[in-house]
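Below, each chain spelled out in residue letters.
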Amino acid sequence: MEFAKESPIFTSNDLYSSSNEISRQYLQWTLVQLVSKGTVSRVKRGMYTLAEKPSFSYQVNEDTKQLYTFLKKSFPNAPLCVYDGKILSPLQHHLSYNALTYVETERSIAEIIFHTLQEKSYRVFYKPGKDEFYKYIDISSPAIIVKPMVSDSPLKTMDGIIGPTLEKLMVDIRRDKDFDYLSGKESARMLENAFKIFSINITKLLRYAGRRGVRDELAKEIDGLSHGK
């Protein structure tokens, strides 16, 4: 259990290598017992993680609630995913204060929502590219980013507001241009922190990653976590 607490994901071989005094057969039997009790989870064949981890959750601030309520009233049939950038903070290694609010919706209506928010005098950007993001957007100043939502995005409801799951966030920070400031080593460290702190559905994560073209990249990194790479 102490080994599991220090390792986001591990294999039976990792566990065996850490202790020369216990037989492989006994360790395998112990793993089976811990999985059956729900103390350890099998994340995929031959790979395990500590099950005693909380689900990813966050507080929804009042501004986000008001924005969501306005959008649901104005576009009652539109699928929405609304959240603020501060929910990323617990996962970050190099903390960068993100005061932005993200609004995702069906592609056919995203631009209409963008213009509606403009008319309401919100400071809002529509699907900013990398260059536009760095030129015109300061993440420490409040603003709204509107962008199309990928179909079958994994979502969850917090305080009555539909927002992203952790699996969705871990993929989106690899693909969305407005998350470029988290690219490279920072996104890799965030993935590691996510596995250390929260329970993650790898199947859900990789399915969504496949839709966004980063399945192989993330699968390789997850495998690396199990070997301490």
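Everything below is about the structure printed above this text.
Basis of the calculations
- Residues numbered from 1 in each chain as written.
- Predicted model: local features only at pLDDT ≥ 70, side-chain atom pairs only at ≥ 80, totals over all residues.
- Heavy atoms only, no water.
- Helix = DSSP H or I, 4+ residues; strand = E, 2+ residues; numbered from the N terminus.
- Buried < 20%, exposed > 50% of the residue type's maximum accessible area, 1.4 Å probe, protein only.
- Contact = heavy atoms within 4.5 Å.
- Areas by Shrake-Rupley, 256 points an atom, 1.4 Å probe, with all protein chains shown as cover.
- Lys, Arg positive; Asp, Glu negative; His and termini not counted.
- Charge placed at Lys NZ, Arg CZ, Asp CG, Glu CD.
- Pairing = 2+ DSSP bridges.
- Axes fitted to C-alpha atoms, helices over the stretch in contact; angles between N-to-C directions.
- Right-handed = clockwise from strand over helix to strand, strands pointing away.
- Salt bridge = Lys/Arg side-chain N within 4 Å of Asp/Glu carboxyl O.
- Core = buried A, V, L, I, M, F, W, Y, C linked by side-chain atoms within 4.5 Å.
- Left-handed = near helix turned anticlockwise from the far one by under 90°.
- Nonpolar A, V, L, I, M, F, W, Y, C, P; charged D, E, K, R; others polar.

Chemist: Even after reading the chapter, I still don't get the overall build of the protein, so can you show me in this structure?
Modeler: Helix and strand counts for the protein stand at 10 helices and 9 strands. Counting over 229 residues, the protein shows a buried share of 48%. Sequence separation of 24 or more characterises 64% of the internal contacts of the protein that already satisfy a separation of 6 or more. Surface accessibility of the protein: about 12,300 Å² in total, with carbon and sulfur atoms responsible for 48%. In the protein, 33 positive and 28 negative side-chain charges are present, and the distance between their average locations comes to 4 Å.

Chemist: Would you explain the sheet that holds strand β4 (residues 80-84) in this entry?
Modeler: Within a sheet, each strand pairs with its neighbour through backbone hydrogen bonds, oriented either parallel or antiparallel. Read across the sheet, 4 strands follow the order β4-β5-β7-β6 without closing on themselves; strand pairing throughout is mixed. Two strands bound the open sheet, and with one partner strand each, they are β4 and β6 (124-126). Strand-to-strand, the axes of this sheet are offset by a mean angle of 20°, without reference to chain direction. Here β6 pairs with strand β7 (residues 143-148) via 3 bridges, running parallel. Counted as the bridge partner of F125 is I145 from β7.

Chemist: Teacher, can you tell me more about the sheet that holds strand β3 (residues 47-50) here?
Modeler: The strand order across the open sheet formed by 3 strands is β1-β3-β2, and the pairing between neighbours is antiparallel. Since the sheet does not close on itself, it has two edges, and those belong to β1 (10-11) and β2 (40-44), each with one partner. In terms of strand pairing, β1 meets β3 through 2 bridges, oriented antiparallel. Opposite F10, over in β3, you have Y48 as the bridge partner.

Chemist: I would appreciate a short explanation of the pairing of β7 in the present structure.
Modeler: For a regular strand, side-chain orientation follows a simple rule: the groups alternate between the two sheet faces. Across the 6 residues of β7, 6 count as buried, placing the element largely inside the fold. At this point the chain moves from β6, through helix α6 (residues 130-136), to the parallel β7, and the crossover so formed is right-handed.

Chemist: I keep staring at the pattern of salt bridges and nothing clicks. Help me out?
Modeler: When charged atoms on two side chains of opposite charge get close, those side chains can pair. Enumeration over the complete set of coordinates arrives at 13 salt bridges. Among the ionic pairs, K65 bridges to E62, the shortest N-O distance being 3.6 Å. With a gap of 3 residues between them, K65 and E62 both fall in helix α4 (residues 62-74), about one helical turn apart. On the basis of relative accessibility, which here comes to 23%, the residue K65 falls in the partly exposed class. A salt bridge links D176 to R212; the nearest nitrogen and oxygen atoms lie 2.7 Å apart. Taken together, the positions of D176 in the loop between α7 (166-175) and α8 (185-197) and R212 in the loop between α9 (202-211) and α10 (215-225) put the pair 36 residues apart, joining distant regions of the chain.

Chemist: What am I meant to see in unusual backbone geometry here?
Modeler: Peptide bonds are, in most cases, trans, and in most cases residues other than glycine have a negative phi. Phi at S121 takes a positive value of approximately 70°, unusual for a residue other than glycine. Structurally, the position occupied by S121 is in the loop between α5 (107-119) and β6. Since its relative accessible area comes to 66%, S121 is described here as exposed.

Chemist: For this particular structure, what's the right way to read the nonpolar core?
Modeler: Generally speaking, a soluble globular protein has its nonpolar side chains buried in company with each other. Counting 62 residues, the largest nonpolar core has L71, V103, I113, V146, M170, L205 and I222 as the members making the most contacts within it. Excluding residues that lie within four positions of it along the chain, L205 makes contacts with E167, M170, V171, L191, I200, L218 and I222. L27, L31, V40 and L50 belong to the second largest nonpolar core, which has 9 residues in total.

Chemist: What's the story with the environment of K185 in this structure? I'm lost.
Modeler: Here K185 lies in helix α8. Each C-alpha atom of the pair K185 and M170 lies 13 Å from the other, and the pair is 15 residues apart in sequence.

Chemist: Teacher, can you tell me more about the packing of α4 against α5 here?
Modeler: Two packed helices can be described by the angle between their axes and the distance between those axes. Where α4 contacts α5, the axes come no closer than 12 Å and their chain directions differ by 120°. Seen from above, α4 lies across α5 with right-handed handedness. Along its contact with α4, which presents L67, F70 and L71, the element α5 presents I113, T116 and L117. For the contact of α4 with α5, the per-class residue count stands at 5 nonpolar, 1 polar and no charged.

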